[in-house]
Amino acid sequence: MSKVLIIGAGGVGTVVAHKCAMEKTVFSDIMLASRTVSKCEKIAAEIKAMHGRTIQTAAVDADNVPALVKLIKAYGPKVVINVALPYQDLTIMDACLEAGVDYLDTANYEPPDVAKFEYSWQWAYQERFQKAGRMAVLGSGFDPGMTNVFCAYVQKHLLDEVHYVDIVDCNGGSHGKAFATNFNPEINIREITARGRYWENGEWIETDPLSQSMMFDYPGVGERKSFLLYHEELESLAKNLKGLKRIRFWMTFGESYLKHLEVMQNIGITRIDEVEFNGQKIVPIQFLKALLPDPASLAANYTGKTSIGCLCEGIKDGKKKRYFIYNICDHAETYKEVRAQAVSYTTGVPAVTGAVMMVTGKWQGAGVWNMEQLDPDPFLADVGPRGLPWHVEER
Ligand code: NDP
């Protein structure tokens, strides 16, 4: 039995806290810490009412390493689950090293002033984690996360060489708002408005934002137009899959979402640089975040499903084979279970499974790891019953 410290009390933090509380055989004590402690307290009260378990709460500024170290040392967790924002990854990693505990997150570090997703900053911690004998697992959400594990499973069991991978992500749900993002608006809009990029024959190929699309038939949802985006798991999978020739990432967006995004971009409210306003400096995208619905608040009225998977083509015993491995998740069902919508749920459940792998020793090893570098079997055996059943089809 282990103590776990969760940092971040947003949509994903809600799911992680509920699911840790429901895991009574692994986690003896749970602490949820975040910048705004009242959000932690609200989640703790829900958990008490729904699962009969008391969890601790704390206020912490995760940009402040000494404050984090003090909290971690005082509480003494076996693992820290970071579900704050990507901007806090490095400070939380620093604090875990100093306090001597393992680390897990769901999104790679991004500097606040450049919309740039890459693992270089976190991979640079490799030697420090190795020397400290500590484990850091990066990107244990759905994408990255489950998608990396799906690829590892295909590589381990289904194909001798994985040549082509298309990761396809569809949110076929509806929240009834004119415009809202399903996770942190600032992070989400930065990701979508960035230039597209995919990897082919050893090179990165750049595309204009949302300039390439295809139709894909998503199980449980149907045919949807899907747009090529750069997504962070492409970077590690391009390194770690054997024989890979091409890997791309696709996500669906509705017409209305794209129209809103286009207008917002045209008027400059998605800008991430500072502008002068009434004698003070503001960052337009942060102001926009303050106006948009809090993603966690969408959960109560969300209907429909998410459907996300990996289409992998390659060679098995000299023959061409193609597999689709995926999960379908229902927004209304996840709300009933943990008071969260499916985008938060599909991120939070793999984070809890990853932490369970670490504290039970099913995954171990000093250093910094991407998910596909670890054994997919115990992870996939755990994550299905925990809430994300997965399916493989030969195509
Ligand atoms: P939210 O914005 O809903 O929640 C973020 C939480 O972090 C808030 O409670 C916020 O506090 C807290 N926080 C922010 N800054 C600090 C700080 N300096 N110190 C302490 N707490 C802080 O985001 P989500 O829950 O939607 O997303 C959480 C993470 O999950 C993000 O990193 C996101 O990129 C990642 N994600 C990963 C996905 C995947 O599939 N891999 C998919 C979706 C999300 P406050 O309430 O005070 O603002």
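Conventions adopted
- Residues numbered from 1 in each chain as written.
- Predicted model: local features only at pLDDT ≥ 70, side-chain atom pairs only at ≥ 80, totals over all residues.
- Helix = DSSP H or I, 4+ residues; strand = E, 2+ residues; numbered from the N terminus.
- Contact = placed C-beta atoms within 7 Å.
- Near = placed C-beta within 6 Å.
- Nonpolar A, V, L, I, M, F, W, Y, C, P; charged D, E, K, R; others polar.
- Domains from an automatic or database assignment.
- Core = buried A, V, L, I, M, F, W, Y, C linked by C-beta atoms within 7 Å.
- Buried ≥ 20, exposed ≤ 12 C-beta atoms within 10 Å, placed from the backbone.
- Pairing = 2+ DSSP bridges.
- Axes fitted to C-alpha atoms, helices over the stretch in contact; angles between N-to-C directions.
- Arc of directions from axis to C-beta.
- Right-handed = clockwise from strand over helix to strand, strands pointing away.
- Parallel < 35°, antiparallel > 145°, perpendicular 65-115°, else oblique.
- Left-handed = near helix turned anticlockwise from the far one by under 90°.

Here we take up the environment of F27. Summarising the element assignment, F27 is placed in strand β2 (residues 27-34). Separated by 220 residues in sequence, F27 and I247 have C-alpha atoms that sit 37 Å apart. Once residues lying within four places of it in the same chain are set aside, the contact partners of F27 are S2, V4 and C20.

In the vicinity of the ligand there are 33 residues, among which G10, R35, A62, G141 and F183 approach most closely. Here the element with the most residues in the shell around the ligand is helix α1 (residues 11-22); it accounts for 3 residues. Within the shell around the ligand, the residues separate by chemical class into 15 nonpolar, 13 polar and 5 charged. Of the domains in this structure, domain 1 (2-142 + 344-388) and domain 2 (146-341) are the two that each give at least three residues to the shell around the ligand.

Time to look at the nonpolar core. Formed by 115 residues in total, the largest nonpolar core has its most connected members in I6 and L32. At 10 residues, the largest contribution of residues to this core is made by helix α13 (residues 342-359). Looking at this core, you find at least three residues from each of domain 1 (2-142 + 344-388) and domain 2 (146-341).

Turning our attention to the sheet that holds strand β4 (residues 79-82). The strands making up a sheet associate through hydrogen bonds between their backbones, and the pairing can be parallel or antiparallel. Read from one edge of the open sheet, 7 strands run β3-β2-β1-β4-β5-β6-β17, paired in parallel fashion. Two strands bound the open sheet, and with one partner strand each, they are β3 (56-59) and β17 (367-370). Each adjacent strand pair in this sheet contributes to an overall mean axis angle of 20°, direction not counted. Of the strand pairs in this sheet, strand β5 (residues 102-105) and strand β6 (residues 135-138) are connected by 2 bridges, and their pairing is parallel. Each bridged residue has a counterpart across the sheet, and for L104 the counterpart in β6 is V137. Packing of α1 onto the sheet brings it into contact with β1 (2-7), β2 and β4, and relative to β2 it is tilted by some 165°.

Once that is clear, we can look at the domain arrangement of the protein. By domain assignment, the protein separates into domain 1 (2-142 + 344-388) and domain 2 (146-341). With centres defined by C-alpha atoms, the gap from domain 1 to domain 2 works out at 22 Å. In this assembly, 29 residues from domain 1 lie in contact with 32 residues from domain 2. Of all the secondary-structure elements, those providing two or more residues to the side of domain 1 that touches domain 2 are α1, α13 and α14 (376-386). In terms of residues, the side of domain 1 that touches domain 2 owes the most to one element, α1, which gives 5 residues.

Restricting attention to buried positions, one finds in helix α3 (residues 65-75) the residues L68, L71 and I72. Looking straight down α3, one finds its buried side chains confined to an arc of 95°; they lie on one side. In α3, the exposed positions angled more than 90 degrees off the buried face are occupied by P66 and A74. As for α3, its buried residues are in contact with β1, β2, β3, β4 and α4 (89-99). Positive backbone phi, at 70°, marks G76, one or two positions downstream of α3.

The next thing to look at is the pairing of β5. In β5, alternate side chains face the same way, and those of D102 and L104 on one face and Y103 and D105 on the other are all buried. Direction of pairing for β4 relative to β5: parallel, over a ladder of 4 bridges. In the sheet register, N82 faces β5, and the bridge partner there is D105. For the handedness criterion, the β-α-β arrangement of β4, α4 and β5 is classed as right-handed.

What follows is about the packing of helix α7 (residues 146-158) against helix α9 (residues 233-240). Contact geometry for α7 and α9: axes closest at 10 Å, N-to-C directions at 15°. With respect to their mutual orientation, α7 and α9 come out roughly parallel. Crossing handedness for the pair α7 and α9: right-handed. Along its contact with α7, which presents T147, N148 and C151, the element α9 presents E233, S236 and L237. Per-class residue counts for the contact of α7 with α9 are 2 nonpolar, 3 polar and 1 charged.

With respect to the element layout, F227 can be found in strand β11 (residues 222-229). Considering only alpha carbons, one finds F227 and A62, 165 residues apart in sequence, at a separation of 34 Å. Sequence-distant contacts of F227, that is, excluding residues within four places in its chain, are made with L210, Q212, S213, W250, M251 and F253.

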